[in-house]
Every structure is written in structure tokens, then in C-alpha cells.
Amino acid sequence: MIRSAMTRFTLIRSAMIRRPSSTSPCRGLRLLLWLLAAVASISADARSASAAIYRYTAGHADIGLANSGSPRLYLQFGGDAEATGLTNAQLVAGQPGGVAGEWSLSSFVTVVPQSVRVPRPEGVEWNFLGTDAGDPVWIFSQQSQGGVPFLGFNTEKTSGGTGTFTLGHVTVRPPNGEVSLFEIGGFGTPDAIFWSTAQAGVDAVTVPASTHVHYALAFTEPGYYELPLIGTSGG
């Protein structure tokens, strides 16, 4: 089955299908980047998003793909995850009345703290980020860092098949930010680029069967990002 989801991010300052497939919205994963110096100028979109849903603030979580029962994309939290308004036990248990251990993506805004802001490195290998060397970039590391969200992908419920997470057309307000998902190699430079809104056609990451992975996720501007995701499972 093919599952689709609208993923929303707020910043302030295809695999061949080998089994039956379906499409449905995974209502909005939202990511908030709080630039502390600019809190007073949060957009109306950011204010309404943060008021409407829980805020995921730290620890491990994965965007998962399931292809059995009701095919779906979902959010699953680890034992160190933190969110406003919920205990960790509630996070791990999952959404009341839903599948055990799973939450709807629309239930959360992921808060990105100022501590993940870094200057864009020198070198043409970083041009996929869509900003100039030295400019600020907000990056979730592919390694766990205390006190910030550690967001990954998993295929533990794809019945032994791979999972491909494809990024659709991204909406950004204000309309100047870029989004990238990539892997850093042993020399500290990008080994693989999976998503880049600054480069046409760079929009899919395939995760091996029955596993979970973490990659670096970058944003270039404060704003409100809506990222539609499509999940497909393959043999």
C-alpha cells in the first residue's frame, strides 16, 4: 500500500510495490523551530499550530510505516521522549483508542531548539542545502543529542518489506526556506542526499526492512513548513 501524510514544520527567526497498496493522509507532522530572540514575531500559523497539538521537545521518535491491517504512517516514541502535556509513559503507550505504541502525526509539533543552529559549512558538497556558506542552518543531527528531538524512520511494521518515504511539494511560510535530509559520512561530509527542496527530484529515502534509521534533517530559514510525505512498502 502507499500511505500519504502532510508533514508540517514551523521554523521561527519510489519503490516498486510488490504487495497491495493504498493511499491516505497522515495528518501533519509539525516541526517548530523556536528562535528564542524572535518569539514575539511568531506567525499566526505557528501560534495556531502550537496551541492545537502537543509539542515534542526531546528524545527518540520515529516516523513509521505499516503495511498490514490499516496501512499507515505513524509517529512512535522511545523511552526518553518528552512532550508538553504528556508523560513519557503516555507517549510510549500511544494515542488513546489507537494502535498500541502509535500516534497520529497530526498530534504533535516537533520543537527544534536554538542549540541546533550552525553555520553552513564551506564547500560545494553542501550546496544542496540551498543556502550560502556561513549562513545559519538548523540541523537535527543523525546522532542522538541530549535535550533535543531525535527523529528517525522505521520499517518495523512493513511485514519484512522496505519502506520508502517520499517528500511531496513543500509549503513554507514565509516562502524562502529549504529542507534537506541527508547522511553524514566518516569524514564529516554528506555521503548521501535523500531530500533537498533546493534540487529537483531529490525527494525519497528508502529504509531497509525491519529496522529504523536516523539521518540529518536541515532547515535554512525561520518559518512554517508543511511537508507532505508518501510512504510505500516494497519486497
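Residues numbered from 1 in each chain as written. Predicted model: local features only at pLDDT ≥ 70, side-chain atom pairs only at ≥ 80, totals over all residues. Heavy atoms only, no water.

**Thoughts on the packing of aromatic side chains**
To describe a pair of aromatic rings, you give the distance between the ring centres and the angle between the ring planes.
Right, on to step 1. Throughout the structure, instances matching the rule amount to 11 aromatic pairs.
Right, on to step 2. A centroid spacing of 5.9 Å and a plane angle of 90 degrees characterise the contact between Trp126 and Phe182, whose relative ring orientation is edge-to-face. On the criterion of sequence distance, the pair formed by Trp126 in the loop between strand S7 (117–119) and strand S8 (136–140) and Phe182 in strand S12 (residues 179–184) is long-range, its members being 56 residues apart.
Right, on to step 3. Taking relative accessible area as the criterion, Trp126 reaches 7% and is therefore assigned buried.
Right, on to step 4. When the ring of Phe153 is compared with that of Phe165, the centres are 4.9 Å apart and the planes differ by 50 degrees; the resulting orientation is tilted. Taken together, the positions of Phe153 in strand S9 (residues 149–157) and Phe165 in strand S10 (residues 162–167) put the pair 12 residues apart, joining distant regions of the chain.
Right, on to step 5. By relative accessible area, which is 5% here, Phe153 ends up buried.
Right, on to step 6. On the accessibility criterion, Phe165 (0% relative accessible area) is buried.
Right, on to step 7. An aromatic cluster of three or more residues is present, and its members are Tyr54, Tyr56, Phe77, Trp103 and Phe108.
Right, on to step 8. Between the NZ or CZ atom of Lys157 and the centre of the ring of Tyr74, over which it lies, the distance is 5.0 Å. (Phe/Tyr/Trp six-rings, centres within 6.5 Å; stacked < 30°, edge-to-face > 60°. Helix = DSSP H or I, 4+ residues; strand = E, 2+ residues; numbered from the N terminus. Buried < 20%, exposed > 50% of the residue type's maximum accessible area, 1.4 Å probe, protein only. Lys NZ or Arg CZ within 6 Å of the ring centre and 35° of its normal.)

**Some thoughts on the confidence of the model for the protein chain**
Note: predicted coordinates in regions of low pLDDT should not be interpreted at a detailed level.
Right, on to step 1. Residues with a pLDDT of 70 or more make up 77% of the protein chain, whose mean pLDDT is 80.
Right, on to step 2. Across residues 12–29, where pLDDT falls below 50, the model places 77 contacts with residues more than four positions away in sequence or in other chains.
Right, on to step 3. In this model residues 34–52 is a low-confidence stretch, pLDDT under 50, and it forms 31 contacts with partners more than four residues away in sequence or in other chains. (pLDDT = per-residue confidence, 0-100. Contact = heavy atoms within 4.5 Å.)

**A look at the sheet that holds S8**
Right, on to step 1. The 5 strands lie next to each other as S7-S8-S16-S12-S13, forming an open sheet whose pairing is antiparallel. With partners counted over all chains shown, the strands left at the sheet margins are S7 and strand S13 (190–196), one partner each. When strand polarity is set aside, the average angle formed by the axes of neighbouring strands in this sheet is 35 degrees.
Right, on to step 2. As paired strands, S7 and S8 are joined by 3 bridges and run antiparallel to one another. (Pairing = 2+ DSSP bridges. Axes fitted to C-alpha atoms, helices over the stretch in contact; angles between N-to-C directions.)

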